[in-house]
Amino acid sequence: MSEKIVFFSSALTRGGAERQLVALAKELKKRRRKIVVVAYDRGVFDNELTAAGVEIYYANRRGVFGILGFLFRAAKLLRSLKPTIVYSFLGTPNIYAVLFKPFLRGVKIVWGIRASNIDAKSYGIASRFAEYLETLFSRFPDLIVANSNAGRELCIKKGFPKDKIVVVENGIDTERFNYDPKGAKRVR
């Protein structure tokens, strides 16, 4: 059986973590890997992923009170996709990914940590609770990928198991972001 990676994220809105998910999914797809994206809802990167041949599915999250229905739909969807790896991006999708683990026997769960110094206190009680749960559940994923050494150190400081954390720095799409001598001259 060949490896199938499902990237799991909230809506694919404009943001750094989402941009990295898109870049990684597109590059792996180019390399003939089986890649699928599951998001809560539609976002600005949907067309870019679809144009690259990446399948996208939506779990349709509907507010706080619809959370049980969402969790059931998302778990059922992930199970139907038969992944070998579920790679979640950011706090809440990370929490959900480990909650799905009992329903995804044999599937490796990988968390993506994309921040190094966010203070949850400035985001309200829901963010503080999510940070608490992420730390509490951090022993359950098979691997945790931080995009910086500072992010890794912050996770360890919070109580994440350091033996599960690896650092993979953000990639850069060199076809999109490359040296342009004429553009540099114009800006100067």
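Shown above is the structure to which this text applies.
In short, a report on the structure. Keep in mind that what you see is a predicted model, and the values were worked out from it rather than measured. (Residues numbered from 1 in each chain as written. Predicted model: local features only at pLDDT ≥ 70, side-chain atom pairs only at ≥ 80, totals over all residues. Heavy atoms only, no water.)

The calculated volume of the second largest pocket comes to roughly 640 Å³. Lining the second largest pocket are 25 residues, and of these A23, L24, E27, G171 and I172 sit closest to its centre. Contributions of two or more residues to the lining of the second largest pocket are made by α1 (16–30) and β4 (85–89). For the lining of the second largest pocket, the leading source of residues is α1, giving nine residues. (1 Å grid on protein atoms, 1.4 Å probe; cavity = no way out; pocket = protein on both sides within 12 Å on 5 of 7 lines; lining within 4 Å. Points joined across faces, edges and corners; volume = space filled by probe spheres on them. Helix = DSSP H or I, 4+ residues; strand = E, 2+ residues; numbered from the N terminus.)

Spatially, β3-β2-β1-β4-β5-β6-β7 is the arrangement adopted by the seven strands of the open sheet, whose pairing is parallel. Whereas interior strands pair on both sides, the edge strands pair on one side only; in this sheet they are β3 (55–58) and β7 (165–167). Sheet twist, expressed as the average angle between the axes of neighbouring strands with direction ignored, equals 25°. Note that strand β2 (residues 34–39) and β3 share four bridges and pair parallel. For A39, the partnering residue across the bridge sits in β3 and is Y58. Packing of helix α6 (residues 149–158) onto the sheet brings it into contact with β5 (108–113), β6 (143–146) and β7, and relative to β7 it is tilted by some 165°. (Pairing = 2+ DSSP bridges. Axes fitted to C-alpha atoms, helices over the stretch in contact; angles between N-to-C directions. Contact = heavy atoms within 4.5 Å.)

Let's shift gears to a nonpolar patch on the surface. A surface patch of nonpolar side chains, about 330 Å² in accessible area, is lined by F129, Y132 and L136. Relative to the helices and strands, L136 resides in helix α5 (residues 125–137). Since its relative accessible area comes to 42%, L136 is described here as partly exposed. (Patch = residues over 30% accessible without salt bridge, like charges linked within 9 Å, V, L, I, M, F, W, Y side chains within 5 Å. Areas by Shrake-Rupley, 256 points an atom, 1.4 Å probe, with all protein chains shown as cover. Salt bridge = Lys/Arg side-chain N within 4 Å of Asp/Glu carboxyl O. Buried < 20%, exposed > 50% of the residue type's maximum accessible area, 1.4 Å probe, protein only.)

Within the secondary structure, Q20 is located in helix α1. Residue classification places Q20 among the buried positions, given a relative accessible area of 14%. Not counting residues up to four positions away in its chain, the partners in contact with Q20 are R114, N170 and G171.

Think of an α-helix as turning once every 3.6 residues; residues three or four places apart then point the same way. Taking 1.5 Å of rise per residue, the 15 residues of α1 would be expected to cover 21 Å, and the 21 Å separating its terminal C-alpha atoms lies within 8% of that figure. If you check which residues of α1 are buried, you get A17, E18, Q20, L21, V22, A25 and L28. Where α1 is buried, its residues touch β1 (4–9), β2, α2 (46–51) and β4. R32 sits one or two positions beyond α1 and adopts a positive phi of about 65°. (Expected span 1.5 Å × (residues − 1).)

Quick look at unusual backbone geometry now. Of note, K82 is a non-glycine position whose phi angle comes to about 50°, a positive value. Looking at where K82 falls in the secondary structure, it is placed in the loop between α3 (67–81) and β4. On the basis of relative accessibility, which here comes to 61%, the residue K82 falls in the exposed class. One non-glycine residue, L90, lies in positive phi territory at about 80°. With respect to the helices and strands, L90 occurs in the loop between β4 and α4 (91–100). Since its relative accessible area comes to 29%, L90 is described here as partly exposed.

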